[in-house]
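Single-letter residue listing:
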Amino acid sequence: MEEIGKISLTQKTLPSGNCQVKFFIEDEQKPQYGYLLVSEPKSVGEIIEEIKNRMEQRKMCNPFSVKNPVKEDHNFYLYSA
């Protein structure tokens, strides 16, 4: 897995009981931020691993593929800062 910059995050419990995690990736080349919706309590380490795994999955998917269309992930959003 490719090494990414430092990840900082904040968590907020929603009325639904889910946890919204807002994260910032501090990288000189490509700073990013995003949101992850977590349905069960997780440690900070588990959340960071989840963010890294989802970013890796995004890199491997081709959004323009007709054979394997990318399924929209409504629990993970990533933006360029």
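In this report, we go over the structure that sits alongside the text.

**Observations concerning the environment of P31**
1) Next: Relative to the helices and strands, P31 resides in the loop between β2 (19–26) and β3 (32–38).
2) Next: Take P31: its relative accessible area is 33%, and that puts it in the partly exposed class.
3) Next: Between the alpha carbons of P31 and K6 there is a distance of 9.8 Å; along the sequence they are 25 residues apart.
4) Next: Those residues in contact with P31 that sit more than four places away from it in its chain are I25, S80 and A81.

**Quick look at the sheet that holds strand β4 (residues 76–80)**
1) Next: Taken in spatial order, the four strands line up as β1-β2-β3-β4 in an open sheet, and their pairing is antiparallel. The open sheet is flanked by β1 (6–13) and β4, the only strands paired with a single partner. Between one strand and the next, the sheet's axes are offset by a mean angle of 15 degrees, whatever the strand orientation.
2) Next: In terms of strand pairing, β3 meets β4 through five bridges, oriented antiparallel. The residue bridging Q32 from the neighbouring strand is S80, located in β4.

**Details of the pairing of β2**
1) Next: Covered by surrounding structure in β2 are C19, V21, F23 and I25 only, the residues Q20, K22, F24 and E26 on the alternate face being uncovered.
2) Next: One ladder, built from eight bridges, connects β1 with β2; its direction is antiparallel. Among the inter-strand pairings, S8 is bridged to a residue of β2, identified as F24.
3) Next: Between β1 and β2, which follow one another and run antiparallel, lie five residues, and G17 among them has a positive phi close to 100 degrees.
4) Next: Here β2 pairs with β3 via seven bridges, running antiparallel. Looking at β3, one finds that I25 is bridged to Q32.
5) Next: Linking two consecutive strands that pair antiparallel, namely β2 and β3, is a turn of five residues.

**A few points about the pattern of salt bridges**
1) Next: As enumerated under the stated definition, the model contains three salt bridges in all.
2) Next: Salt-bridge contacts for E50 lead to R54; the nearest nitrogen and oxygen are separated by 2.6 Å. In this pair, E50 and R54 are both assigned in helix α1 (residues 44–60), four residues apart and thus about one turn of the helix distant.
3) Next: Measuring nitrogen to oxygen at the nearest pair gives 2.5 Å for the salt bridge that ties R54 to D73. With R54 in helix α1 and D73 in the loop between α1 and β4, this pair connects stretches of sequence that are 19 residues apart.
4) Next: Beyond isolated ion pairs, a larger network of salt bridges with shared partners links K42, E50, R54 and D73.

Parameters and conventions
Residues numbered from 1 in each chain as written. Predicted model: local features only at pLDDT ≥ 70, side-chain atom pairs only at ≥ 80, totals over all residues. Heavy atoms only, no water. Helix = DSSP H or I, 4+ residues; strand = E, 2+ residues; numbered from the N terminus. Buried < 20%, exposed > 50% of the residue type's maximum accessible area, 1.4 Å probe, protein only. Contact = heavy atoms within 4.5 Å. Pairing = 2+ DSSP bridges. Axes fitted to C-alpha atoms, helices over the stretch in contact; angles between N-to-C directions. Salt bridge = Lys/Arg side-chain N within 4 Å of Asp/Glu carboxyl O.

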